[in-house]
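Letter by letter, the chains look like this.
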Amino acid sequence: MPELPEVETTMRGLTPVLLHQRLTSVEPRRADLRKAIPVDLRQRLTGATVTALARRAKYGLIGTARGDTLIFHLGMSGRWRVDPTKVEPHDHLLLETDAGRRLALNDPRRFGFLDLLPTAELDAYPPFAAMGPEPLGPTLTGAYLLAALNGRTAPIKAMLLDQRIVAGLGNIYVCEALHRARIAPTRAAGRIALPRLERLADAIKAVLRDAIAAGGSSLRDFAHPDGALGYFSKQFRVYGREGEPCACGGVVRRRVEAGRSTFWCPACQRG
Ligand code: ZN
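Residues numbered from 1 in each chain as written. Predicted model: local features only at pLDDT ≥ 70, side-chain atom pairs only at ≥ 80, totals over all residues. Heavy atoms only, no water.

J.: Break down the coordination of the zinc ion for me, citing the residues and quoting the values.
T.: Coordination sphere of the zinc ion, protein contribution only: Cys246 (SG), Cys248 (SG), Cys265 (SG) and Cys268 (SG), at 2.2 to 2.3 Å. Mapped onto the sequence, the donors of the zinc ion take the spacing C-x1-C-x16-C-x2-C. We note that Cys265, like Cys268, is buried. (Donors = N, O, S within 2.8 Å, 3.2 Å for Na, K, Ca; no water. Buried < 20%, exposed > 50% of the residue type's maximum accessible area, 1.4 Å probe, protein only.)

Given below as structure tokens:
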């Protein structure tokens, strides 16, 4: 499924198409995805000029000069297609700009969603209100993790997947970051000392930056906004590599809990 790096690369791909452009046509093609599409979405966006594109966790944000922000989530299979030659069955929102550019939000499984609200109300939007800091932002440091994890007995892996601790981290990048930081996924979160949490904060940023640089994708058929296919899996150090050698000489292991796989190397992730 699209993770934070895919959403980030999507926003970077959408920016040259949408920024400072006026939306001349806004066409939702169904009433709902995972939840209802706002009924006034077409009316509020048509004729509006896009003034900002941003990302919060795994949500894409498209702001307009009218003071509204279109929020999208790509769910399991969502992606934007740029200048599609024809409308496809799973294109659920079509946009057109005054420069003649066209965009289609395509989502076969429809776990994604679209929402629209006044930009001034973004911080209070329920998915955002209790969200922790952005992993690539300045707030995420070893000292922040030390304070946020203080007294917590849950495994560090579960804590990193908790959006209230850090926003937007998914299973793949948590596995990769813990491996880079040489921390066992099962380690009690509140019992990790500051120097190792500093290493962990750095590792989280590094795996995400590397993925973004690679145009990262965790979904085989994910298409970048420019239409190119993106792969990152060949650069994973532990994710999806059960039984393969780790760079340290150990062997990558996999464990499944609640339908979710943890990949780690018991040889170098000891602490
Ligand atoms: Zn190892």
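Having seen the model, we can carry on.
J.: Residue-level account of the environment of Ser77, with values.
T.: As for its position among the elements, Ser77 is in the loop between strand E4 (68–73) and strand E5 (79–82). Linking Ser77 and Leu122, residues 45 residues apart in sequence, is a C-alpha distance of 24 Å. (Helix = DSSP H or I, 4+ residues; strand = E, 2+ residues; numbered from the N terminus.)

J.: So what's going on with helix H4 (residues 142–149)? Residues and values would help.
T.: All of the buried residues along H4 are Gly142, Leu145 and Leu149. Down the axis of H4, the buried set is contained in an arc of 60 degrees. They therefore lie on one face. Considering only its buried residues, H4 is in contact with helix H5 (156–161) and helix H7 (194–213). A positive phi of about 80 degrees marks Gly151, the residue just after H4. (Arc of directions from axis to C-beta. Contact = heavy atoms within 4.5 Å.)

J.: I'd like a description of the nonpolar core, backed by residues and values.
T.: Leu145, Leu149, Ile156, Leu160, Leu200 and Ile204 are the most contacted members of the largest nonpolar core, which has 30 residues in total. Those elements giving two or more residues to this core turn out to be H4, H5, helix H6 (171–181) and H7. The leading source of residues in this core is H7, at nine residues. Ignoring sequence-local partners within four residues, the contact set of Ile204 consists of Pro135, Leu140, Leu160, Leu169 and Ala177. The next biggest cluster of nonpolar side chains, apart from the first, holds 25 residues, and it includes Val26, Ile37, Phe72 and Leu103. (Core = buried A, V, L, I, M, F, W, Y, C linked by side-chain atoms within 4.5 Å.)

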